[in-house]
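Structure at a glance
Residues per chain, in single letters:
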Amino acid sequence: MLTQRSIAHAPRTTALAQDMSRMATTCIGCTDCGGLCQAVIEVVVLPQVILHPQGN
């Protein structure tokens, strides 16, 4: 059986990756910073989730 893999359509993930690549740092000043973390992702994503709750 032959299968083919393709990249899934993920516009929010793509937008997040672009936003993260434009950031000067991935640190928001946590005292125990270990680099990219859930807190940074939430800071970047939360405004869009609030403005576009259904992913529009």
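The model shown is predicted, which means the values in this text are computed figures rather than measured ones. (Residues numbered from 1 in each chain as written. Predicted model: local features only at pLDDT ≥ 70, side-chain atom pairs only at ≥ 80, totals over all residues. Heavy atoms only, no water.)

Let us now look at the overall build of the protein chain. On a plain count of helices and strands, the protein chain comes out with two helices and zero strands. Computed over the C-alpha atoms, the radius of gyration of the protein chain is 15 Å, more than 25% above the 10 Å expected from 2.2 N^0.38 for a compact globule of 56 residues. By principal-axis analysis of the C-alpha atoms, the protein chain measures approximately 50 × 25 × 20 Å. Here the protein chain holds 56 residues, and 7% of them are scored as buried. Accessible surface computed for the protein chain: about 5000 Å², of which carbon and sulfur atoms make up 59%. (Helix = DSSP H or I, 4+ residues; strand = E, 2+ residues; numbered from the N terminus. Rg over C-alpha atoms; globule rule 2.2 N^0.38 Å. Buried < 20%, exposed > 50% of the residue type's maximum accessible area, 1.4 Å probe, protein only. Areas by Shrake-Rupley, 256 points an atom, 1.4 Å probe, with all protein chains shown as cover.)

Along the chain, M20 turns up in helix α1 (residues 11–22). Taking the relative accessible area as the measure of exposure, M20 reaches 14% and is therefore buried.

Looking now at the packing of α1 against helix α2 (residues 38–51). Viewed as axis vectors pointing N to C, α1 and α2 meet at an angle of 125 degrees, and their least axial separation amounts to 11 Å. One element, α1, and the other, α2, form an angle in the oblique class. Between α1 and α2 lies a crossing of right-handed hand. Contacts between α1 and α2 pair R12, L16, D19 and M20 from the former with V40, I41, V44, V45, Q48 and V49 from the latter. Along the lines of polarity and charge, the residues of the contact of α1 with α2 split into seven nonpolar, one polar and two charged. (Axes fitted to C-alpha atoms, helices over the stretch in contact; angles between N-to-C directions. Parallel < 35°, antiparallel > 145°, perpendicular 65-115°, else oblique. Left-handed = near helix turned anticlockwise from the far one by under 90°. Contact = heavy atoms within 4.5 Å. Nonpolar A, V, L, I, M, F, W, Y, C, P; charged D, E, K, R; others polar.)

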